[in-house]
Amino acid sequence: MNRSLAKQAFVAASFLAATSGPALAQGKPPAGPQDADTRAWWAFTGELSGDAMQGRDTGSAAYERSAALVANRLKAAGLKPLGTNGWLQPVGVDELAVTKASARMGRTSLRFLADFTVSPRRGMPAQIVAPLAYRGYCGAEELGDVAGRLVICHGTRKSGLTTPAAREAAVRKAGATGMFEVADPGFTIEPPRWPFAYARSFALAGQLPAADSFVKLTLRAEVLGSLIPGGAKLVAAGAAGRPLPSRDAKLPLELTFATAERRVTSSNVVGVLPGTDPALADQAIVLTAHLDGYGHGYPVKGDDLYNGTLDDAAYVALIVRLMERQKGKGFARPVIALLVTGEEKGLLGSKYWVTNPTWPLPRIAANINLDQLRPIFPLRRLTVHARTDSTLGDDVEAVARSMGIVTQDDPEPERSLLRRTDHWNFILAGIPATNFVFGYEPGSPSEAVYRQWYRTGYHRPQDNMTQAIDWQAAADFNRFFYTLVERVANQPKAPAWKPGSSLRPKP
């Protein structure tokens with residue numbers, strides 16, 4: 001570990017110890033929030049992300065129980081149902097899963113999900129026996145004769161080197177059987193996360209891609225040396241973006257796969273708080289958060305239940321809490337609470353709602369989405385997606401400034417966070433939208449905590465009710481959200497795209 005990473009790890013550990021103390025070490029919930037509103041929000045978060053809800057996996061019975069729980073809370077808060085089946089909008093989802101896989105080369109075996117994973121595809125062969133060819137960054141000029149081989153490519157995201165799409169296109173064109181992409185440990189802003197919970201692909205019903213025999217796999221960098229001579233040095237050179245050689249393995253690799261396909265139904269939950277101003281009835285504000293999580297998956301530290309507390313039960317609970325605070329009293333504009341399914345499976349629930357809306361899209365003025373939020377350090381800076389693309393960003397700026405919060409554009413655009421959560425489907429539909437991420441000063445203790453969470457909490461069983469929370473930061477963001485919704489839903493002018501926005505719909 002280099003000095004910078006070591007320092008970050010030390011600061012993060014110090015923060016976790018200070019905020020959770022011995023309670024977290026003993027597996028007990030940390031000390032809770034002090035104010036009544038934050039306590040109520042966190043209590044409902046616990047109902048949604050406790051073990052009884054089984055991680056709310058898309059299409060599971062536990063997910064439908066959580067959807068019914070949310071619907072009942074919205075009903076009690078005075079909203080009107082806006083689904084196609086009362087409060088619910090059932091969404092058909094096709095799932096293709098690799099239920100079992102193995103990889104062996106001579107006496108070397110790799111662990112499925114811990115050392116390698118595979119992208120499930122219809123038409124995958126049940127068995128492959130093929131020579132291995134390491135080809136660095138897998139530019140077309142580097143490949144040579146790889147027909148019938150499994151090609152290993154370094155999965156760099158560095159500017160000026162091959163992109164993931166270009167690597168795959170080149171390897172396919174060269175006639176390879178498939179490819180391994182080495183998960184690049186040099187991409188430190190979002191480091192590779194091992195193990196993977198499972199290997200499953202999803203699409204809206206009837207939309208799984210056509211059969212494809214090309215196999216695409218991901219390889220944990222630490223095991224490259226067991227397949228290719230000098231693997232550790234290759235990983236280090238690739239992480240730094242240095243030139244890489246081509247090498248071939250001495251023995252063929254044998255892969256086996258077992259797959260299963262099924263169709264499930266999983267429901268969006270939709271309700272509306274009617275507006276009070278008839279002149280603004282065709283300018284609804286849609287509030288979104290994703291109700292689904294990962295469910296059960298590969299165990300981490302003996303725990304196989306991915307509870308999904310901060311991602312995203314806490315922010316489903318926050319939308320519900322806002323509605324409860326209104327006590328049936330509407331804002332000037334209608335406000336739609338849309339709690340979607342299948343976000344973790346490809347933004348499926350929001351995609352389905354936007355293409356099958358239960359409220360006409362021309363009568364929607366804006367979308368405010370809650371995801372990717374981590375109240376684990378003080379809220380002094382907020383990354384705002386699409387911050388300068390619409391007047392919605394001006395509203396965000398005004399509310400943040402009143403609270404002493406600095407707003408910023410995404411400082412890490414290479415992560416593509418703008419496109420990785422549900423507001424993206426609203427933007428594609430031409431609706432002004434935004435989403436938020438807790439920000440930090442580079443090199444600060446907050447950054448260390450942020451990085452640590454991505455290594456140990458993100459999409460892991462450890463995202464549960466016992467993790468360390470900065471309760472003041474949580475309360476501050478909740479208040480920011482309440483104030484923002486009130487401002488946007490009550491002000492005279494609806495949010496509008498700005499002329500210079502690259503996201504603005506083309507005429």
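In what follows, the accompanying structure is described. Just so it is clear, the structure is predicted and the values come from calculations on it, not from any experiment.

### Brief notes about the overall build of the chain
Step number 1: Within the chain, the regular secondary structure consists of twelve helices and 21 strands.
Step number 2: For 507 residues, the compact-globule estimate of 2.2 N^0.38 gives 23 Å, and the C-alpha radius of gyration of the chain, at 24 Å, lies within 12% of that figure.
Step number 3: Residues classed as buried in the chain amount to 57% of the 507 residues present.
Step number 4: Put simply, 82% of the contacts in the chain that link residues at least 6 apart link residues at least 24 apart.
Step number 5: Accessible surface, the chain: about 20,600 Å² in total, of which carbon and sulfur atoms supply 54%.
Step number 6: Distance between charge centroids for the chain: 2 Å, based on 58 positive and 47 negative side chains.

### Some thoughts on the environment of Leu 253
Step number 1: Topologically, Leu 253 is positioned in strand 12 (residues 253-273).
Step number 2: Accessibility expressed as a relative area gives 1% for Leu 253, which makes it buried.
Step number 3: Taking the C-alpha atoms as reference points, Leu 253 and Leu 132, 121 residues apart in sequence, are found 6.6 Å from one another.
Step number 4: Those residues in contact with Leu 253, other than ones at most four positions away along the chain, are Ala 103, Arg 104, Met 105, Ile 128, Val 129, Ala 130, Leu 132, Leu 150, Phe 180 and Leu 227.

### Some details on the state of the cysteines
Covalent bonding between the sulfur atoms of two cysteines is what defines a disulfide.
Step number 1: Counting across every chain of the model gives one disulfide.
Step number 2: Disulfide pairing places Cys 138 opposite Cys 153 at an S-S distance of 2.0 Å. Handedness here is read from the sign of the S-S torsion; for Cys 138 and Cys 153, about -90°, the answer is left-handed. Placement of Cys 138 in the loop between strand 6 (132-134) and helix 4 (140-143) and of Cys 153 in strand 7 (residues 150-155) is noted, with a sequence separation of 15 residues between them. The pair formed by Cys 138 and Cys 153 is uniform in burial state, with each residue classed as buried.

### A word on the nonpolar core
Step number 1: Within the largest apolar cluster, 72 residues are counted, with the highest numbers of intra-cluster contacts made by Phe 436, Phe 477 and Phe 481.
Step number 2: Counting residues in each nonpolar core, the second largest holds 36 residues, with Val 98, Tyr 137, Leu 234 and Leu 255 among its members.

### What about the packing of helix 9 (residues 391-402) against helix 12 (residues 471-490)?
Step number 1: Interaxial distance between helix 9 and helix 12 falls to 10 Å at its minimum, and their mutual angle equals 135°. On the basis of the axis angle, helix 9 is oblique to helix 12. Helix-helix and strand crossings are classified by hand; for helix 9 and helix 12 the assignment is right-handed. Here Leu 392, Asp 395, Val 396, Ala 398, Val 399 and Ala 400 of helix 9 lie close against helix 12, whose contacting residues are Phe 480, Thr 483, Leu 484, Arg 487 and Val 488.
Step number 2: In terms of residue class, the contact of helix 9 with helix 12 is built from eight nonpolar, one polar and two charged.

### Notes on helix 3 (residues 61-76)
Step number 1: With 16 residues, helix 3 ought to run about 22 Å at 1.5 Å a step, and its terminal C-alpha atoms sit 23 Å apart, in line with that.
Step number 2: Every buried residue belonging to helix 3 is among Ala 62, Tyr 63, Ser 66, Ala 67, Val 70, Ala 71 and Leu 74, and all of these are buried.
Step number 3: Of the surrounding secondary structure, the elements contacted by the buried residues of helix 3 are helix 2 (36-49), strand 2 (88-105), strand 12, helix 7 (309-326) and strand 16 (335-340).
Step number 4: Phi for Gly 78, located one or two positions after helix 3, is positive at around 100°.

### A word on the pattern of salt bridges
Step number 1: Scanning the entire structure with this criterion turns up 34 salt bridges.
Step number 2: Across the salt bridge formed by Glu 324 and Arg 73, the nearest N and O atoms sit 2.7 Å from each other. Taken together, the positions of Glu 324 in helix 7 and Arg 73 in helix 3 put the pair 251 residues apart, joining distant regions of the chain.
Step number 3: Residue classification places Arg 73 among the partly exposed residues on the basis of a relative accessible area of 21%.
Step number 4: A salt bridge links Glu 181 to Arg 167, with the nearest nitrogen and oxygen atoms 2.8 Å apart. Remark: Arg 167 occurs in helix 5 (residues 164-173) and Glu 181 occurs in strand 8 (residues 178-183); sequence separation between them is 14 residues.
Step number 5: Judged by relative accessible area, Glu 181 falls into the buried class, the value being 16%.
Step number 6: On the basis of relative accessible area, Arg 167 is assigned to the buried category, the value being 0%.

### What to know about the sheet that holds strand 8
Step number 1: An order of 4-10-8-7-6-11 is seen for the six strands of this open sheet, with the pairing classed as mixed. The strands lining the two open edges of the sheet, one partner per strand, are strand 4 (116-118) and strand 11 (247-248).
Step number 2: Here three bridges tie strand 4 to strand 10 (residues 215-220), and the two strands are oriented antiparallel to one another. Residue pairing across strands places Phe 116 opposite Leu 219, the latter belonging to strand 10.
Step number 3: The strands touched by helix 5 are strand 7, strand 8 and strand 10; relative to strand 8, the strand with the most contacts, the crossing angle is about 150°.
Step number 4: Packed onto the sheet, helix 6 (residues 231-239) meets strand 6, strand 7 and strand 11 and runs at close to 45° relative to strand 7.

### Regarding the environment of Ala 496
Step number 1: Along the chain, Ala 496 turns up in the segment after helix 12.
Step number 2: Distance in space between the C-alpha atoms of Ala 496 and Ala 365 is 7.7 Å, their sequence separation being 131 residues.
Step number 3: The residues contacting Ala 496, other than those within four sequence positions of it, are Ser 390, Thr 391 and Pro 432.

### A short note on the side chain of Arg 321
Step number 1: With respect to the element layout, Arg 321 can be found in helix 7.
Step number 2: Not counting the four nearest positions on each side in its chain, Arg 321 is found in contact with Asp 37, Ala 40, Trp 41 and Tyr 482.

### A few points about the pairing of strand 18 (residues 381-384)
Step number 1: Burial along strand 18 is two-sided: the face carrying Arg 381 and Thr 383 and the face carrying Leu 382 and Val 384 are both buried.
Step number 2: Inspection of the sheet shows strand 18 paired to strand 19 (residues 406-408) by three bridges, in the parallel sense. In the sheet register, Thr 383 faces strand 19, and the bridge partner there is Gln 408.
Step number 3: Handedness of the crossover joining strand 18 and strand 19 through helix 9: right-handed.
Step number 4: In terms of strand pairing, strand 18 meets strand 21 (residues 436-438) through three bridges, oriented antiparallel. Each bridged residue has a counterpart across the sheet, and for Leu 382 the counterpart in strand 21 is Phe 438.

Cut-offs applied
- Residues numbered from 1 in each chain as written.
- Predicted model: local features only at pLDDT ≥ 70, side-chain atom pairs only at ≥ 80, totals over all residues.
- Heavy atoms only, no water.
- Helix = DSSP H or I, 4+ residues; strand = E, 2+ residues; numbered from the N terminus.
- Rg over C-alpha atoms; globule rule 2.2 N^0.38 Å.
- Buried < 20%, exposed > 50% of the residue type's maximum accessible area, 1.4 Å probe, protein only.
- Contact = heavy atoms within 4.5 Å.
- Areas by Shrake-Rupley, 256 points an atom, 1.4 Å probe, with all protein chains shown as cover.
- Lys, Arg positive; Asp, Glu negative; His and termini not counted.
- Charge placed at Lys NZ, Arg CZ, Asp CG, Glu CD.
- Disulfide = S-S within 2.5 Å.
- Core = buried A, V, L, I, M, F, W, Y, C linked by side-chain atoms within 4.5 Å.
- Axes fitted to C-alpha atoms, helices over the stretch in contact; angles between N-to-C directions.
- Parallel < 35°, antiparallel > 145°, perpendicular 65-115°, else oblique.
- Left-handed = near helix turned anticlockwise from the far one by under 90°.
- Nonpolar A, V, L, I, M, F, W, Y, C, P; charged D, E, K, R; others polar.
- Expected span 1.5 Å × (residues − 1).
- Salt bridge = Lys/Arg side-chain N within 4 Å of Asp/Glu carboxyl O.
- Pairing = 2+ DSSP bridges.
- Right-handed = clockwise from strand over helix to strand, strands pointing away.

Limitation: the analysis is restricted to geometry and does not speak to function.
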